[in-house]
Amino acid sequence: MTRNPVAQTAFGPMVLAAVEQNEPPGRRLVDDDLAELFLPRPLRWLVGATRPATVRRLFIRSLEWSGPGLWANLVCRKRFIGDKLAEALDDIDAVVILGAGLDTLPYTLTRRVRIPVFEVDLPVNIARKAKTVRRVLGELPLSVRLVAVDFEHDDLLTALAEHGYRTDYRVFFICEGVTQYLTEAAVRRTLEGLRAAAAGSRIVFTYVRKDFIDGTNRYGTRTLYRSVRQRRQLWHFGLHPDDVAGFIADYGWLLVEQAGPDELVERFVKPTGRELKASQLEWSAYAEKT
């Protein structure tokens, strides 16, 4: 399978979710009993090695060296997205996950509801996901559709329609940890494709701050900046929190809630008693289709 530097980033969030399962229930920030199973064997061994608390703390600390606060960012954004989806389940007809990676959400969601779930990602990730699901579950659930899309070049709405998507669906769109990997043109093209979403649809997405992308504030993550902006140039797009409402309003979306790192730590981390600080680098937003 062709190696793609952006596609390879799909593993990181699932390693984090799997390692979190080794925390005692009262200290766990995300619950995902499929996360470890969806990882390739070498990464499953790595997750298994973090079962002892001391090893787990060292592992998290080593990752924090290159990106201080990013562990808390990732777990908090997953909790934020999960909570918003749970609140909306009675009022939606379908879920679309943009940049789905190895996310297990479609497969845990089938335990609760039977609505169409569209997983959208690069062709290499969709091929990997299909193989992984067959390995873990035996077959793809009938409610889940895998949609291969290159956000930089393909028409999102056409690709979704070819897999049974309907514009009269009230859809819950999820775009987690994706926008920074796209050009501004691709972000706008994606939002243009979602313009046809029915009123009452919702979208939850994360974004990196624009001043990190342009290099004026590296938020204490110089190693990360060198990796994603200078050496590999993986990240391209960012927003300023004050500009989010106007940016998405141009495409028919009303910003309902925006959550910064400090607020998410207060909401999700503090009740567990864990001492995790979040980076100011990434924010989460929730909007509704007007």
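Computed from a predicted structure; not experimentally measured.

S.K.: Account for the overall build of the protein, with residues named and values stated.
M.R.: Looking only at helices and strands, the protein has 12 helices and seven strands in total. Compactness check: the protein gives a C-alpha radius of gyration of 18 Å against a globular reference of 19 Å for 290 residues, within 12% of the reference. For the C-alpha atoms alone, the extent of the protein along its principal axes is close to 50 × 50 × 40 Å. Each of the 290 residues in the protein was classed as buried or not, and the buried ones make up 56%. When contacts within the protein are restricted to residue pairs at least 6 apart in sequence, those whose partners lie at least 24 apart make up 74%. Approximately 13100 Å² of the protein is accessible, and the part contributed by carbon and sulfur atoms is 52%.

S.K.: Explain helix 8 (residues 184-193) to me, using residue names and the numbers behind them.
M.R.: Burial in helix 8 covers these residues: Ala186, Val187, Thr190, Leu191 and Gly193. For helix 8, the buried positions fall inside an angular range of 155 degrees around the axis, keeping them on one side. In this structure, the buried side of helix 8 is in contact with strand 1 (94-98), helix 7 (156-161) and helix 11 (244-249).

S.K.: Any details on the sheet that holds strand 1? Residues and values, ideally.
M.R.: Pairing is mixed in the open sheet, where seven strands are placed in the order 3-2-1-4-5-7-6. Looking at the sheet topology across the chains shown, the edges are occupied by strand 3 (144-148) and strand 6 (253-259). Mean inter-strand twist for the sheet, computed between neighbouring axes without regard to direction, equals 20 degrees. Bridge analysis of strand 2 (residues 117-121) against strand 3 gives five bridges, and the strand direction is parallel. Its bridge partner being in strand 3, Phe118 is matched across the sheet by Arg145.

S.K.: Lay out the packing of aromatic side chains in plain terms, naming residues and giving numbers.
M.R.: One pass over the structure, following the stated rule, counts 12 aromatic pairs. Measuring from ring centre to ring centre gives 6.2 Å for Tyr165 and Tyr169, while their planes differ by 80 degrees; the resulting arrangement is edge-to-face. Since its relative accessible area comes to 7%, Tyr165 is described here as buried. With 5.7 Å between their ring centres and 45 degrees between their planes, Phe237 and Phe247 make a pair best called tilted. Note that Phe237 is positioned in the loop between helix 10 (222-231) and helix 11 and Phe247 in helix 11, a separation of 10 residues in sequence. Both residues of the pair, Phe237 and Phe247, belong to the buried class. Taken together through their ring pairs, the aromatic side chains of Tyr181, Phe212, Tyr225 and Trp235 make up a single cluster.

S.K.: Describe the pattern of salt bridges, with residues and values.
M.R.: Across all of its chains, the model carries 22 salt bridges by this definition. Among the salt bridges present, the one from Arg274 reaches Glu20, with a minimum N-O distance of 2.9 Å. With Arg274 in the loop between helix 12 (261-269) and strand 7 (282-289) and Glu20 in helix 1 (residues 11-20), this residue pair connects regions lying 254 residues apart in the sequence. Taking the relative accessible area as the measure of exposure, Glu20 reaches 1% and is therefore buried. Put simply, Arg111 and Asp33 hold a salt bridge, and the shortest N to O gap is 3.2 Å.

S.K.: If you had to explain unusual backbone geometry to someone new, which residues and values would you point to?
M.R.: Its identity is not glycine, yet Tyr219 carries a phi of approximately 50 degrees, on the positive side. Along the chain, the position of Tyr219 falls in the loop between helix 9 (210-213) and helix 10. Judged by its relative accessible area of 19%, Tyr219 is buried. Unlike most non-glycine residues, Gln233 shows phi in positive territory, near 50 degrees. For Gln233, the position within the fold is in the loop between helix 10 and helix 11. Taking relative accessible area as the criterion, Gln233 reaches 49% and is therefore assigned partly exposed.

S.K.: Break down helix 12 for me, citing the residues and quoting the values.
M.R.: Along helix 12, the residues classified as buried are Pro261, Leu264, Val265, Phe268 and Val269. The buried residues of helix 12 occupy one face: seen down the axis, they fall within an arc of 100 degrees. Projecting away from the buried face of helix 12 at angles above 90 degrees are the exposed residues Asp262 and Glu266. Those residues of helix 12 hidden inside the fold are in contact with helix 4 (70-88), strand 6 and strand 7.

The rules behind the values
Residues numbered from 1 in each chain as written. Predicted model: local features only at pLDDT ≥ 70, side-chain atom pairs only at ≥ 80, totals over all residues. Heavy atoms only, no water. Helix = DSSP H or I, 4+ residues; strand = E, 2+ residues; numbered from the N terminus. Rg over C-alpha atoms; globule rule 2.2 N^0.38 Å. Buried < 20%, exposed > 50% of the residue type's maximum accessible area, 1.4 Å probe, protein only. Contact = heavy atoms within 4.5 Å. Areas by Shrake-Rupley, 256 points an atom, 1.4 Å probe, with all protein chains shown as cover. Arc of directions from axis to C-beta. Pairing = 2+ DSSP bridges. Axes fitted to C-alpha atoms, helices over the stretch in contact; angles between N-to-C directions. Phe/Tyr/Trp six-rings, centres within 6.5 Å; stacked < 30°, edge-to-face > 60°. Salt bridge = Lys/Arg side-chain N within 4 Å of Asp/Glu carboxyl O.

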